[in-house]
Amino acid sequence: MVIGATGQIGRSAVRALAEDGWRVTAASRGGDRDPSWPEEVQALRLDRADDEALSAAIGDDCDVVVDIVAYGTAHARQLTSLAGRVGSAVVVSSVSVYEDDKGRNFDTQAEPDGFPEYPVPIPETQRTIAPGDASYSTGKAALERELLAAADALPVTLLRAGAVHGPHCRTPRELYFVKRNLDGRRRRVIAYGGGSRFHPVSVHTLAELIRLAAARPGSRALNACDPEAPTVLQIATAIDAVMGVAPETVLVDGPPPLPTVGDTPWSVPVPVVCDMSAAERALGYRPVVSYADTLPETIAWIERRLTAQPDWRESYPRMHAAYGDLFDYAAEDAWLDAR
């Protein structure tokens, strides 16, 4: 059973599991099918909030529940209530649960000197934020703590995902450069000297980790990131290569000079890079795709969305809500001209 099957990660996970020989039930609110899935995949309409419906859908002989959308204590308890009827679970979490040794984390980064300074790379033994319901990060931490506490009854693999990328993404960071190129922007500004690194993870990498974890039940938390963590400048250059453009890049040492100038969705003052060796040891994971390999399909998806709905705030409302105005060209031009 895959819960959240028609989301960005779920589509790839269902396909990978089915191709690996699993009999897959793909559960989602709409009960839709992805055209890339094998015919034998069973699509199921399911309201995740309905405990009875979830229990009935799981039945009594489910080997593995893959939960893409689990969040918070309530979802964790939904899953642990199935102990004895489910062989194991694979649950997607986030690298945002980490905090540094001074208690700084993703929730404190807006504060002065609040951005965490993680070890490079971050191991799974790094301390995590206190669980709660105050933010996305605390909710994921609550999910993890509840599930790991019940690991004797229900073995669970938690996959701490980095910056997810690929088709069907509702908040594609690549939009920052793709739209600029489509708009014919000849100059762009990147803060922190273009050296920011925020570890990405392809939907294909996540699908491979889910496939491996499903076949190797156990209780553990594992990082889930791509084999490399490119810098923002490397990402921009790779996108340019796919789109066949060569705009001028103006690098700014230090933070963005203005709130809407040079602040990309990957821009962080210190690197966020995760160690993938634990997944290699526990699951036999080996890289299946690089960041650059996946860009053509990601860019094509973004271009189609923008063609259908040119106003990016309407085509990607969650992106606008999360990052604000990413395309303040007037402020960008004024700063560049003054410079």
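To be clear, the structure that these remarks concern was listed above.
What you are looking at is a predicted structure, and each value in this text was computed from that prediction instead of being measured. (Residues numbered from 1 in each chain as written. Predicted model: local features only at pLDDT ≥ 70, side-chain atom pairs only at ≥ 80, totals over all residues. Heavy atoms only, no water.)

Caption draft 1: Just the environment of P131, in detail. By the secondary structure assignment, P131 is in the loop between strand 5 (86-94) and helix 4 (136-149). Judged by its relative accessible area of 31%, P131 is partly exposed. It is 4.8 Å that separates the C-alpha atoms of P131 and A141, two residues lying 10 residues apart in sequence. (Helix = DSSP H or I, 4+ residues; strand = E, 2+ residues; numbered from the N terminus. Buried < 20%, exposed > 50% of the residue type's maximum accessible area, 1.4 Å probe, protein only.)

Caption draft 2: Just a negative patch on the surface, in detail. There is a patch of like negative charges on the surface, built from D47, D50, D51 and E52. Tracing the backbone shows D50 in the loop between strand 3 (42-45) and helix 2 (51-58). On the basis of relative accessible area, D50 is assigned to the partly exposed category, the value being 33%. (Patch = residues over 30% accessible without salt bridge, like charges linked within 9 Å, V, L, I, M, F, W, Y side chains within 5 Å. Areas by Shrake-Rupley, 256 points an atom, 1.4 Å probe, with all protein chains shown as cover. Salt bridge = Lys/Arg side-chain N within 4 Å of Asp/Glu carboxyl O. Lys, Arg positive; Asp, Glu negative; His and termini not counted. Charge placed at Lys NZ, Arg CZ, Asp CG, Glu CD.)

Caption draft 3: Expanded view of the packing of helix 5 (residues 175-182) against helix 7 (residues 232-243). For the pair helix 5 and helix 7, interaxial distance at closest approach is 10 Å and the crossing angle is 40 degrees. Overall, the two elements helix 5 and helix 7 adopt an arrangement that is oblique. In this structure, the crossing between helix 5 and helix 7 has a hand that is right-handed. Contacts from F177, V178, N181 and L182 in helix 5 reach V232, A236, I239, D240 and M243 in helix 7. Grouping the amino acids of the contact of helix 5 with helix 7 by side-chain chemistry returns 7 nonpolar, 1 polar and 1 charged. (Axes fitted to C-alpha atoms, helices over the stretch in contact; angles between N-to-C directions. Parallel < 35°, antiparallel > 145°, perpendicular 65-115°, else oblique. Left-handed = near helix turned anticlockwise from the far one by under 90°. Contact = heavy atoms within 4.5 Å. Nonpolar A, V, L, I, M, F, W, Y, C, P; charged D, E, K, R; others polar.)

Caption draft 4: The packing of helix 5 against helix 9 (residues 291-308), seen in detail. Look at helix 5 against helix 9: their axes get within 10 Å of each other, and the N-to-C directions meet at 60 degrees. Judged by the inter-axis angle, helix 5 sits oblique to helix 9. Here helix 5 runs over helix 9; the crossing is right-handed. Between helix 5 and helix 9, the residues in contact are L175, V178, K179 and L182 and I299, I302, E303 and L306, respectively. Of the residues belonging to the contact of helix 5 with helix 9, the class tally is 6 nonpolar, no polar and 2 charged.

Caption draft 5: Broad picture of helix 7. An ideal rise of 1.5 Å per residue puts 16 Å on 12 residues; helix 7 measures up with 17 Å between its terminal C-alpha atoms. Turning to helix 7, the residues buried within the fold contact helix 5, strand 8 (187-190) and helix 9. Within two residues after helix 7, G244 carries a phi angle of roughly 70 degrees, on the positive side. (Expected span 1.5 Å × (residues − 1).)

Caption draft 6: Representation of the sheet that holds strand 1 (residues 2-3) in the model. Read from one edge of the open sheet, 7 strands run 3-2-1-4-5-6-10, paired in parallel fashion. A strand with exactly one partner marks an edge of an open sheet, and here the two such strands are strand 3 and strand 10 (220-224). Sheet topology places strand 2 (residues 25-28) next to strand 3; 4 bridges connect them, and they run parallel. Its bridge partner lying in strand 3, T25 is registered against Q42. (Pairing = 2+ DSSP bridges.)

Caption draft 7: Up close: the pairing of strand 5. Taken across its 9 residues, strand 5 has 8 buried, putting it largely inside the fold. Between the parallel pair strand 4 (residues 62-67) and strand 5, the chain is carried across by helix 3 (residues 72-80), and the sense of this crossover is right-handed. Strand direction decides the pairing type here: strand 5 and strand 6 (residues 156-161), joined by 6 bridges, are parallel. Note on strand 6: the bridge partner recorded for A89 is V156. Traced from strand 5 through helix 4 to strand 6, the parallel crossover comes out right-handed. (Right-handed = clockwise from strand over helix to strand, strands pointing away.)

Caption draft 8: Region of interest: the packing of aromatic side chains. Under the definition given, this model contains 9 aromatic pairs. Ring geometry for F177 and W266: centres 5.9 Å apart, planes at 10 degrees, overall stacked. Remark: W266 occurs in the loop between strand 11 (248-251) and helix 8 (277-283) and F177 occurs in helix 5; sequence separation between them is 89 residues. W266 carries the same exposure label as F177, and that label is buried. The structure contains a cluster of three or more aromatic residues connected by ring pairs, namely Y176, F177, W266, W312, F327 and Y329. (Phe/Tyr/Trp six-rings, centres within 6.5 Å; stacked < 30°, edge-to-face > 60°.)

Caption draft 9: Representation of the side chain of S315. Tracing the backbone through its elements, the reader meets S315 in helix 10 (residues 312-315). The exposure class of S315 is buried, given its relative accessible area of 3%. Once residues lying within four places of it in the same chain are set aside, the contact partners of S315 are R305, L306 and Q309.

Caption draft 10: Region of the structure containing the layout of surface pockets. Quantified by volume, the second largest pocket comes out at close to 400 Å³. What lines the second largest pocket is a set of 17 residues, among which M1, R23, V24, T25 and C62 lie closest to the centre. Mapped by element, the contributors of at least two residues to the lining of the second largest pocket are helix 2 and strand 4. Looking at the lining of the second largest pocket element by element, the count peaks at 4 residues for strand 4. The residue makeup of the lining of the second largest pocket, split by class, is 11 nonpolar, 2 polar and 4 charged. (1 Å grid on protein atoms, 1.4 Å probe; cavity = no way out; pocket = protein on both sides within 12 Å on 5 of 7 lines; lining within 4 Å. Points joined across faces, edges and corners; volume = space filled by probe spheres on them.)

Caption draft 11: View of the environment of D60. Position of D60 relative to the elements: it lies in the loop between helix 2 and strand 4. Take D60: its relative accessible area is 64%, and that puts it in the exposed class. The spatial distance from the C-alpha of D60 to the C-alpha of G162 is 33 Å, given a sequence separation of 102 residues. Within the local environment of D60, its side chain forms a polar contact with the side chain of R85, the two groups lying 3.2 Å apart. (Polar contact = N/O pair within 3.5 Å; in protein donor to acceptor, adjacent residues only side chain to side chain.)

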